[in-house]
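So the chains spell out like this:
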Amino acid sequence: MLDIKHVTKVFFPGTANEKVALEDINLHIDKGDVVSVIGSNGSGKSTLFNMIAGTFPVTAGTISLDGKDITHLPEYKRAFEIGRIFQDPTKGTSANMSIQDNLLLSMKKGMRGIRFSLTNEKKEMFRSLIEPVGLQNRLEDNVGLLSGGQRQALTLIMACLSNPKLLLLDEHTAALDPGNARIVMDLTEKAISDGQYTAIMITHNMQFAIEFGNKLIMMDEGKIILEVSGEEKKKLTVPDLIQRFKQIRNKDFASDEELLTEGD
Amino acid sequence: MLEGIFVEGLIFAVMAMGILISYRILDIADLTCDGSVATGAAVAAMCITAGWSIPLAMLMAFLSGIICGLVTAAIHNHLHLPGLLAGILTMTMLYSVNLRILGNKANVPLVRVNTMYDWFRSGLSFLPPSAASLIGTLVIVLVIKVLFDLFFRTDLGVSIGALGGNEQVVISLGMNPSVLKYIGLGLSNGLIALSGGMLAQYQGFADANLGQGMVVQGLAAIMLGEFLFRTNRISLITLRVILGSIIYKGLMFLGRRYGYLVGITPNDFKLLTGLLVIISLIVASTRTKFAEGKARKDAVQRVMQGGKDA
């Protein structure tokens, strides 16, 4: 389904600010896999998402989706098959437009024509779609009037409307309060199991990471340092995860120390 | 005399609708307008003096504006220049282009040729000439308004609206934002040039300096309109722009008519227009602050009352 081979990303190459954000990433995800990604700040999680979605070009390596090489496809073309939800609730919806216009736009991908698509049947359909979030009577309100949680729930509904092959969830509950984060998380799990989507989710919440999906990836300093799936993942607990995280990081620190002493 | 304000206001409203696309819908401060309004006037004037039919001349003015907008969009899209700078570049280049179109003259009069307004006057001969001009202009502007409203309710129009609100959304929907900017800026400047073509016929000449300060005037009209009522419906937004344009022209008329009483001359109009925009912005922001202050007071009062109850 998604194949990432030897992907490396270097920011500002050749300058004093040169930074290797991803180093030889290899990842294979099967159709129907639901993967959670954890890792500290700056570990390369978001860069990995940007590479998959096509926000920035990769420095080296290839990415293919469903057997098709998408490494050099612009972001808007990859969006035909990839749905992405950002941490920032304002990024996924257009604030100066009504809820119904936002939903209408997300029904299909690609350039639009001079057609009027908003029919009463569509309005009915939209109403039933957003009823679980309690927005059914606000179809004509501007999205800018909604709360962060409502906007993120709407973004999720919009992302699923066009049946993406791959769903990228970029810490999409991190900007919400715990109650709303739980609601959006439940909606996400329901949407994924209903639509049988393949999904990857970045999170800082280890509990979410353990509950969510059949695969877990831990990243650190631009590398994937841990991959757990299936039965092994089901048995994981938060203390387990912290323990393994510490183990691997300590080893990293040790090797850093060696490097430093060698330099002396 | 009074009809003149309305005719000028209505012609001006077509330009303000163009500015509405770039400034409010696409959220790009596009200064191409100062050049493209004169391009439209020049193209219409040259076509009419060359004996072309008036509808064809207007179409050419519209198309010339679209080309101006496409140039700005191309500079903005491919050289990644901010919209503001791209517009200034096109506007500056257009000044020379406009002089070329006018045959290296700064001013081309439309005398001894039939314009749209001669048409209206002969077609509606049962009305006094000034009323005929007003009715004719009103019909044209209303047709443009309705087409404008319809376009921005189509899927393509809604997408252009989404681009202005949030470019990432448009990318996520699989659309190339550059293409939408071409369409939006093209249409915007097309309308602006069309307005220039109408203005040249109304005032009876095309002038290379016609466009100076037009963006600011258009913004003033849009902002004046926004004081009238709040809405997110496109048909009411365009109505607001038309009303704002007429009010703006009315204010300028008052300035011309009675300004001498306080020592204002037409030379001061650009300064006054700028001040009008600044005042509009100040009033709008104080209104928000006032509303926030009131909400705060209400909240404090609720807390106090809650304290009493407990």
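Residues numbered from 1 in each chain as written. Chains lettered and ligands numbered in written order. Predicted model: local features only at pLDDT ≥ 70, side-chain atom pairs only at ≥ 80, totals over all residues.

A. The overall build of chain A, seen in detail. What chain A contains, in helices and strands, is 9 helices and 10 strands. Against the compact-globule benchmark of 18 Å for 264 residues, chain A has a radius of gyration of 20 Å, which places it among compact chains. Across its three principal directions, the C-alpha atoms of chain A cover 70 × 40 × 35 Å. With 264 residues in all, chain A has 39% of them scored as buried. The contacts of chain A with a sequence gap of at least 6 include a subset with a gap of at least 24, amounting to 70%. (Helix = DSSP H or I, 4+ residues; strand = E, 2+ residues; numbered from the N terminus. Rg over C-alpha atoms; globule rule 2.2 N^0.38 Å. Buried ≥ 20, exposed ≤ 12 C-beta atoms within 10 Å, placed from the backbone. Contact = placed C-beta atoms within 7 Å.)

B. Spotlight on the overall build of chain B. On a plain count of helices and strands, chain B comes out with 12 helices and 2 strands. Counted from the first residue to the last, chain B has its helices and strands arranged as α-α-α-α-β-α-α-α-α-α-β-α-α-α. Principal-axis analysis of the C-alpha atoms places the extent of chain B at approximately 85 × 55 × 35 Å. Evaluated residue by residue, chain B yields a buried proportion of 46% over its 310 residues. Taking as baseline every contact in chain B between residues at least 6 positions apart, the subset at least 24 positions apart corresponds to 77%.

C. Structural detail: the packing of helix 6 (residues 129-151) of chain B against helix 11 (residues 234-258) of chain B. Residue and element names in this part refer to chain B. For the pair helix 6 and helix 11, interaxial distance at closest approach is 9 Å and the crossing angle is 145°. For the pair helix 6 and helix 11, the sense of crossing is right-handed. Along the contact surface, helix 6 presents Val-141, Lys-145, Phe-148 and Asp-149, while helix 11 presents Ile-234, Ser-235, Thr-238 and Ile-242. Grouping the amino acids of the contact of helix 6 with helix 11 by side-chain chemistry returns 4 nonpolar, 2 polar and 2 charged. (Axes fitted to C-alpha atoms, helices over the stretch in contact; angles between N-to-C directions. Left-handed = near helix turned anticlockwise from the far one by under 90°. Nonpolar A, V, L, I, M, F, W, Y, C, P; charged D, E, K, R; others polar.)

D. A look at the sheet that holds strand 7 (residues 166-170) of chain A. All names here are of chain A. Overall, mixed pairing links the 6 strands, which are arranged 6-7-8-3-9-10 in an open sheet. Strands at the two margins of the open sheet, each flanked by one partner only, are strand 6 (82-85) and strand 10 (223-229). Across the sheet, the mean angle separating the axes of adjacent strands is 15° when strand polarity is ignored. As paired elements, strand 7 and strand 8 (residues 198-202) share 5 bridges and run parallel to each other. Note that in strand 8 the partner of Leu-167 across the bridge is Ala-199. Packing of helix 1 (residues 45-53) onto the sheet brings it into contact with strand 3 (34-39), strand 6, strand 7, strand 8 and strand 9 (215-220), and relative to strand 7 it is tilted by some 150°. Along the sheet face, helix 5 (residues 148-161) touches strand 6 and strand 7 and points at about 175° away from the line of strand 6. (Pairing = 2+ DSSP bridges.)

E. Examining the interface of chain A and chain B more closely. Listed per partner, the contact involves 28 residues of chain A and 21 residues of chain B. If you list the elements that add at least two residues to the side of chain A that touches chain B, you get helix 2 (75-78) and helix 3 (99-105) of chain A. Partitioning the side of chain A that touches chain B into residue classes produces 10 nonpolar, 10 polar and 8 charged.

F. Just unusual backbone geometry, in detail. With phi around 50°, Phe-12 of chain A is a residue other than glycine that occupies positive phi space. Here Phe-12 of chain A is to be found in the loop between strand 1 (2-11) and strand 2 (19-29). Even without being glycine, Asp-27 of chain B reaches a positive phi, approximately 60°. If you trace the backbone, Asp-27 of chain B turns up in the loop between helix 1 (2-25) and helix 2 (33-49).

G. Representation of the environment of Leu-99 of chain B. All names here are of chain B. Relative to the helices and strands, Leu-99 resides in helix 4 (residues 83-101). Classification of Leu-99 by C-beta neighbours within 10 Å gives partly exposed; the count is 15. In this structure the C-alpha to C-alpha distance between Leu-99 and Leu-281, which are 182 residues apart in sequence, comes to 35 Å. Those residues in contact with Leu-99 that sit more than four places away from it in its chain are Asn-104, Ala-106 and Ala-208.

H. Fine view of the environment of Leu-224 of chain B. All names here are of chain B. Secondary-structure assignment places Leu-224 in helix 10 (residues 214-226). Residues Leu-224 and Leu-243 lie 19 residues apart in sequence; the distance between their C-alpha atoms is 8.5 Å. Apart from residues no more than four positions distant in its own chain, Leu-224 is found in contact with Gly-244, Ile-247, Tyr-248 and Ser-280.

I. Broad picture of the packing of helix 5 (residues 116-123) of chain B against helix 6 of chain B. All names here are of chain B. Packing of helix 5 against helix 6 leaves a shortest axis separation of 8 Å and a crossing angle of 115°. Classified by the angle between their axes, helix 5 and helix 6 sit roughly perpendicular to one another. Relative to helix 6, the crossing made by helix 5 is right-handed. Along the contact surface, helix 5 presents Tyr-117, Phe-120 and Arg-121, while helix 6 presents Pro-129, Ala-132, Ser-133 and Gly-136. (Parallel < 35°, antiparallel > 145°, perpendicular 65-115°, else oblique.)

J. Broad picture of the sheet that holds strand 2 of chain A. All names here are of chain A. As summarised here, the arrangement of the 4 strands in space is 2-1-4-5, forming an open sheet in which the pairing is antiparallel. Across the chains shown, the open sheet's two edge strands, defined by having one partner strand only, are strand 2 and strand 5 (68-69). Strand direction decides the pairing type here: strand 1 and strand 2, joined by 7 bridges, are antiparallel. Bridge pairing in strand 2 links Val-10 to Val-20. Packed on one face of the sheet, helix 1 meets strand 1, strand 2 and strand 4 (60-65) and runs near 65° to strand 2.

K. Broad picture of the domain arrangement of chain B. Residue and element names in this part refer to chain B. What the domain assignment reports for chain B is domain 1 (2-264) and domain 2 (269-310). Here the C-alpha centroids of domain 1 and domain 2 sit 34 Å apart. With 9 residues of domain 1 at the contact, the number on the domain 2 side is 8 residues. Broken down by secondary-structure element, the contributors of at least two residues to the side of domain 1 that touches domain 2 are helix 10 and helix 11. With 6 residues, helix 10 is the single largest residue contributor to the side of domain 1 that touches domain 2. Counted by class, the side of domain 1 that touches domain 2 contains 6 nonpolar, 3 polar and no charged residues. (Domains from an automatic or database assignment.)

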